[in-house]
Structures are given as C-alpha cells and as structure tokens.
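Given next are the chains, with one letter for each unit.
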Amino acid sequence: MKLRIEGLNKSYGNNGIISNLSVQCEKGEIVSVFGRNGCGKSTLLKIIFGSLKADQMTLTIDEKEINPKKSRSSQLIGYLPQSSFLPKELNVRNLIPMCYRGDEQDKIFYAPRVSTFENKKIGYLSQGEVRYLESLIVGNLKHPFLLLDEPFSMIEPLYKELIKEFYLNIKPNKGIIITDHNYNDVLEISNRSFLLQKGHKIAINDKNCLKENGYLTSSDYN
Ligand SMILES: Nc1ncnc2c1ncn2[C@@H]1O[C@H](COP(=O)(O)OP(=O)(O)OP(=O)(O)O)[C@@H](O)[C@H]1O
C-alpha cells in the first residue's frame, strides 16, 4: 500500500508554513521528518491524519483519492500525537480492554515489560512507560499507516530502545511517518528521511546532511 500527499500548502493567517509539499510512504518503510522547532512537522502530521485542514492538498492511498476529512474515520491512518492522551486516573490493566477486545489484548499485556507496570495508574507511570504504552496501543491498531509525533522526546534510553524495537517489529505491515528531534534514534530506524525547511523538503541521507543543511550545528554533531 502507498500513501501519497501532493501539493500540500498550509498557512496560519499570513504565516506560510508548508509550501507545495509532496510526501510518499509505503507499507514496510519508515519515513522520517526532521526540522527545527516551529517548521511545521506537527502541522504536517495533523493534516495527514485529518484533524487539521490544509489550504490545498491531494491525499491518495493506492492512487485512490481520500477526502482528508474522512482519513480519520476510514481507519487507514493511526496517529500518536505529541502530547500524552491516556486518562491518568485509569489503571493500565483496565485501560487495555477499553482499547482491544479478547485475544487482541495479549499484544499489549504480553509485550516486553508491560507486566512490570500493568497494575499502576497511568498517572503514576514514568514518561518512558507512558510513551511505550501509547505506542503499543496506537501501533497495534490495524490501520496500515501510522504517524508518530515525537515518540522519543524526554524518554530514557531503556524505553527508547523498547519503542524502537516495537516500531521495527510492526514496520513490515505498516507505512510509518515519524518526526522527532532525537535524530540518531530516528535515522537508525528510518528508510528515508527529509528535512522540512521554509516549507520545503530537502532529502536527507545521513547525519552529515542534517549538519550541512543547518539542522545540526557543528557542536551538536559527533
Ligand atoms: N493553530 C495555530 N495558529 C497559528 N499558528 C500556529 C498554530 N499551530 C501552530 N502554529 C505555528 O505554526 C508553526 C509550525 O508549528 P508546528 O507545531 O507544526 O511546528 P513543529 O515543527 O512541529 O515544531 P516543534 O519541533 O516545536 O514541535 C509554529 O510557528 C507555530 O507557532
């Protein structure tokens, strides 16, 4: 399956954010989006998910045009938002059956380390545990495409590794678009990358490209 957006334009008032952008993502690949704060990465993901309207865009899946308003309800595109979305007062073991039925719950309950926090309230979980749980909940949906907005932000190494491993496990059955400032982790799992700069896309092959294009300063680069 192939998701394609073409001719995406987005402004907030007079503030042009994205200009005539095209992005493509196929099942079995992870496409990463880099860019400085405020360049429009979250805007891009929200538009693809259908929770934000573009000024102009054509969205197709397998060459069939999808109305962006309907991309959410069509259950083709899953989305991990930048901010945590789980209800803090619920216990993990009570939340999982609210998201998945019957045997499908096993994918979450028996995922590595979930047993170490399944009896805790979500509000008492560490940031790493929350982001990992959210990734498991959204990533195990049947939706063939998945958008990830900063899954590694503020996450300790142990959970970053678990989250990366999970995305690599689900990748054969999904097309994933990810954005995160933890560029080493993202580059490690990505098939293709681009930098969003002044509304346009610049192809990125490696860390050196990120440096050359001004996303990393020399002191960031090692
Ligand atoms: N609803 C809105 N109204 C007006 N401006 C907005 C709105 N949402 C975002 N912006 C602005 O649009 C720009 C792009 O925002 P966006 O959140 O997409 O950036 P980002 O690349 O995801 O940034 P970060 O790396 O900080 O998460 C920013 O300058 C932001 O302030």
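Presented here is an overview of the structure given in this document. Keep in mind that this is a model prediction, so the values were computed, not measured. (Residues numbered from 1 in each chain as written. Predicted model: local features only at pLDDT ≥ 70, side-chain atom pairs only at ≥ 80, totals over all residues.)

**What about the overall build of the protein chain?**
Looking only at helices and strands, one finds seven helices and 10 strands in the protein chain. Here the C-alpha atoms of the protein chain give a radius of gyration of 18 Å, agreeing with the 17 Å that 2.2 N^0.38 yields for 222 residues. For the protein chain, the C-alpha atoms occupy an extent of roughly 45 × 45 × 35 Å along the three principal directions. Expressed as a percentage of its 222 residues, the buried residues of the protein chain come to 35%. Long-range contacts, defined as pairs at least 24 residues apart, comprise 70% of the intrachain contacts of the protein chain with a sequence gap of at least 6. (Helix = DSSP H or I, 4+ residues; strand = E, 2+ residues; numbered from the N terminus. Rg over C-alpha atoms; globule rule 2.2 N^0.38 Å. Buried ≥ 20, exposed ≤ 12 C-beta atoms within 10 Å, placed from the backbone. Contact = placed C-beta atoms within 7 Å.)

**Observations regarding helix α5 (residues 157-170)**
Across its 14 residues, α5 extends 20 Å between first and last C-alpha, which sits within 8% of the 20 Å expected from 1.5 Å per residue. What α5 keeps buried is the set Tyr159, Lys160, Leu162, Ile163 and Tyr167. The buried residues of α5 occupy one face: seen down the axis, they fall within an arc of 165°. Opposite the buried face of α5, at more than 90 degrees from it, the exposed residues are Pro157, Leu158, Glu165 and Asn169. Lining the buried residues of α5 we find β3 (30-34), α4 (127-139), β8 (175-179) and α6 (183-189). (Expected span 1.5 Å × (residues − 1). Arc of directions from axis to C-beta.)

**A look at the nonpolar core**
With 51 residues, the main nonpolar core has Ile48 and Leu147 as its most contacted residues. In this structure Leu147 touches Leu45, Ile48, Phe49, Ile77, Tyr79, Leu80 and Ile177, once residues within four positions along its chain are discounted. (Core = buried A, V, L, I, M, F, W, Y, C linked by C-beta atoms within 7 Å.)

**Things to note about the sheet that holds strand β5 (residues 64-66)**
Read from one edge of the open sheet, four strands run β2-β1-β4-β5, paired in antiparallel fashion. Two strands lie at the open edges of the sheet, namely β2 (15-26) and β5, each paired on one side alone. Strand after strand, the sheet turns through a mean of 25° between neighbouring axes, direction not considered. As paired strands, strand β4 (residues 56-61) and β5 are joined by three bridges and run antiparallel to one another. Within β5, the position partnered with Ile61 by the bridge is Lys64. Contacting β1 (2-12), β2 and β4, helix α1 (residues 41-49) crosses the sheet at an angle of about 120° to β1. (Pairing = 2+ DSSP bridges. Axes fitted to C-alpha atoms, helices over the stretch in contact; angles between N-to-C directions.)

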